[in-house]
Number of protein chains: 2
Amino acid sequence: MAAEAVETIQREMTSFARRARATAGRMHPELSLVSYTLLAHLEGSDGCRATDLAAHYGLDKSTVSRQVTALERAALIERRVDPDDHRVQLLHLTDPGRRILAQVTESRRTAFQERLEDWPSEDLERFAAYLVRYNGWSAPED
Amino acid sequence: MAAEAVETIQREMTSFARRARATAGRMHPELSLVSYTLLAHLEGSDGCRATDLAAHYGLDKSTVSRQVTALERAALIERRVDPDDHRVQLLHLTDPGRRILAQVTESRRTAFQERLEDWPSEDLERFAAYLVRYNGWSAPED
DNA sequence: ACTCTTGGTTGCATAGTACAACTGGGCGGG
DNA sequence: CCCGCCCAGTTGTACTATGCAACCAAGAGT
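Criteria and cut-off values
Residues numbered from 1 in each chain as written. Chains lettered and ligands numbered in written order. Predicted model: local features only at pLDDT ≥ 70, side-chain atom pairs only at ≥ 80, totals over all residues. Heavy atoms only, no water. Phe/Tyr/Trp six-rings, centres within 6.5 Å; stacked < 30°, edge-to-face > 60°. Helix = DSSP H or I, 4+ residues; strand = E, 2+ residues; numbered from the N terminus. Buried < 20%, exposed > 50% of the residue type's maximum accessible area, 1.4 Å probe, protein only. Least-squares fit on C-alpha atoms with pLDDT ≥ 70 in both. Contact = heavy atoms within 4.5 Å. Buried area = accessible area lost by both parts, 1.4 Å probe. Salt bridge = Lys/Arg side-chain N within 4 Å of Asp/Glu carboxyl O. Polar contact = N/O pair within 3.5 Å; in protein donor to acceptor, adjacent residues only side chain to side chain. Core = buried A, V, L, I, M, F, W, Y, C linked by side-chain atoms within 4.5 Å. Near = heavy atom within 4 Å. Nonpolar A, V, L, I, M, F, W, Y, C, P; charged D, E, K, R; others polar. Pairing = 2+ DSSP bridges. Axes fitted to C-alpha atoms, helices over the stretch in contact; angles between N-to-C directions.

Pairs of aromatic rings are described using the distance from one ring centre to the other and the angle between the two planes. Within the structure shown, the criterion is met by 15 aromatic pairs over all chains. Centre to centre, the rings of Tyr134(A) and Phe127(B) are 6.0 Å apart; their planes meet at 45 degrees, and the pair counts as tilted. Of this pair, Tyr134(A) sits in helix 6 (residues 121-135) while Phe127(B) sits in helix 6 (residues 121-135), on two different chains. When its relative accessible area of 6% is taken as the criterion, Tyr134(A) is described as buried. Assessed through its relative accessible area of 0%, Phe127(B) is described here as buried. Taken together through their ring pairs, the aromatic side chains of Phe16(A), Phe112(A), Trp119(A), Phe127(A), Tyr130(A), Tyr134(A), Phe16(B), Phe112(B), Trp119(B), Phe127(B), Tyr130(B) and Tyr134(B) make up a single cluster.

So, on to the relation of the copies chain A and chain B. In the superposition of chain A on chain B (RMSD 0.2 Å, axial shift 0.0 Å), the rotation amounts to 179 degrees. In the structure described here, the two chain copies are related by an operation that fits a two-fold rotation axis. Ranked by how close their C-alpha atoms come to the rotation axis, the residues of chain A are headed by Ala17(A), at 2.8 Å. With an isologous cut-off of 70% or more, the 100% of interface residues of chain A that recur at the interface of chain B puts this contact in the isologous class.

Counting residues at the interface gives 46 residues for chain A and 46 residues for chain B. By the criterion of area lost to chain B, the three top residues of chain A are Arg18(A), Tyr130(A) and Tyr134(A), representing 13% of everything that side buries. The interface formed by chain A and chain B holds four salt bridges in total. Linking Arg109(A) and Glu7(B) is a salt bridge whose minimum nitrogen-to-oxygen distance equals 2.9 Å. Taken together, the connections running from chain A to chain B amount to 21 residue pairs in polar contact (both at pLDDT 80 or more). Among the elements of the structure, helix 1 (2-24), helix 2 (33-44), helix 5 (95-116) and helix 6 of chain A are those that each provide at least two residues to the side of chain A that touches chain B.

The biggest cluster of nonpolar side chains holds 37 residues, and the ones touching the most others in it are Ile9(A), Met13(A), Phe127(A), Ile9(B), Met13(B) and Phe127(B). Listed by contribution, the elements that provide at least two residues to this core are helix 1, helix 5 and helix 6 of chain A together with helix 1 (2-24), helix 5 (95-116) and helix 6 of chain B. Examining the composition of this core, we find that nine residues originate from one element, helix 1 of chain B, more than from any other. The contact partners of Met13(A), leaving out residues within four places of it in the chain, are Leu131(A), Tyr134(A), Phe16(B), Phe112(B), Phe127(B) and Leu131(B).

This model, assessed by the stated rule, comprises 20 salt bridges over all chains. In this structure, Glu12(A) and Arg11(A) form a salt bridge, with 3.2 Å as the shortest nitrogen-oxygen distance. For Glu12(A), a relative accessible area of 6% gives the class buried. The closest approach of N and O atoms between Arg126(A) and Asp123(A), which form a salt bridge, is 3.8 Å. In this pair, Arg126(A) and Asp123(A) are both assigned in helix 6, three residues apart and thus about one turn of the helix distant. By relative accessible area, Arg126(A) is classed as partly exposed at 29%. Under the relative-accessibility criterion, Asp123(A) is labelled buried at 12%. The structure contains a network of salt bridges with shared partners spanning Glu122(A), Asp123(A), Arg126(A) and Arg133(B).

Looking at DNA strand D, there are 25 residues lining it, with Thr51(A), Ser65(A), Arg66(A), Arg79(A) and Thr63(B) nearest. Sugar and phosphate atoms represent 61% of those atoms of DNA strand D found within 4 Å of the protein. Considering only residue class, the surface near DNA strand D consists of four nonpolar, ten polar and eleven charged.

On to the protein's contact with DNA strand C, then. The full set close to DNA strand C counts 24 residues, and His86(A), Thr51(B), Ser65(B), Arg66(B) and Arg79(B) are the nearest of them. In DNA strand C, the atoms that sit within 4 Å of the protein are 58% sugar and phosphate, with bases accounting for the remainder. Arg79(B) places a polar side-chain atom, nitrogen or oxygen, 2.5 Å from a phosphate oxygen of DNA strand C. At a separation of 3.1 Å, a phosphate oxygen of DNA strand C approaches a polar backbone atom of Gln89(B). Class assignment of the residues belonging to the surface near DNA strand C gives a composition of four nonpolar, ten polar and ten charged.

Residues and elements named next belong to chain A. Read from one edge of the open sheet, three strands run 1-3-2, paired in antiparallel fashion. The sheet is open, and its two edges are formed by strand 1 (48-49) and strand 2 (77-81), each paired on a single side. Here two bridges tie strand 1 to strand 3 (residues 89-93), and the two strands are oriented antiparallel to one another. Considered in strand 3, the bridge of Arg 49 is made with Leu 90. Strands in contact with helix 4 (residues 61-73) are strand 2 and strand 3; relative to strand 2, the strand with the most contacts, it is inclined by about 115 degrees.

Here it is as C-alpha cells:
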C-alpha cells in the first residue's frame, strides 16, 4: 500500500536530513554548507546583492551579512558598491573563491559519484527526476 | 548521460538538506528534529542508555546528555537508574512523551502525505526504494 | 585496595541563526 | 529644493545546538 511508501520516504528523508545536518559544518575546512551555497549561487549570478541571497534562501539579512563578511575576509568574494545605487553592494567571486568553490564542488561530486557508482543510469535518472519532483519546481534553485 | 543525473541528485539533495536544516528547529514548538529523533528511538527501544543514543546518531555524549535533560525537564522521558549498574540511566518515554511523539509523528506524516498526495503509488514505492538504497542498508536507523 | 574503564555531567568555546535597533544613501511629493 | 520615507546593509544581543576536555561516580579486574 502507498501509505507504507510515504512512511518510508518520510523516514529516509528524516534520516538523510539528520546526517546532512551533522556533516554540513565539516564538509570542507573553508566552507560550511551555507557558505558553499552562497558561493555557488554567486557563480551563477555574479554581481548579485546580499538581499537577493537572503530572500532566495530564506535567511535573515543579518545572517547573510555576516556570512558575506566571513567570505570576504577569506578573500573568496569581493564587495563592490553599485555605481547606480550606493546603498547596494554587488558581490563577486574572486579567483581564489572560484578555485575553492570548484574544489569543493569537485569533492562533493566525487562523493556523490562514489555513492552512486553502481547504480544503473536508468535508476539514476528516475531517482533524479523523483527528487526534482519532490523538491518542487516552484523553487528550482532554493 | 548519467553524470547529469548524478549532478541533479547532488543538487536536489543539497537543496533538501538546506531546507531541512532551516526548518529542523521549528518543526514543533516542543520538539526539534534531534529531540524528535531521540524520542522516536526510545519508542522503539524503551529503556536504552544515553550512550547508545550518542553512538547511534553520531552525537557527542554531552549533546545527548543535554537533550535528555531537556526532554526530562519537559516530562517527556524519565531516567531510571539501572539497578544492575548504578552508572547507567535507562531512559523511558512517559505517557505525555508518548502522546507528544505520536502527535508530532502524525503531523509530520500529514505533511508528507500532502506533499506526496498526487503521486501515483507506483512512483511512491520506487522513490521510497531509491531513498532506502541511497541511504544504505548499513545504517537502517541512523 | 588500587587502578582502569565506562556512563554521564559540566564548563568552556564556537557556529549559525533571528530579531531589533541603527546607519546612511536614494527617492518622491509638496 | 527639502523633508519624510524607504531600502540595503551592519551591529548588538540573545538563543540553540554542538563538540571537546575535564571532571565525577560506579564497576571490574588484578
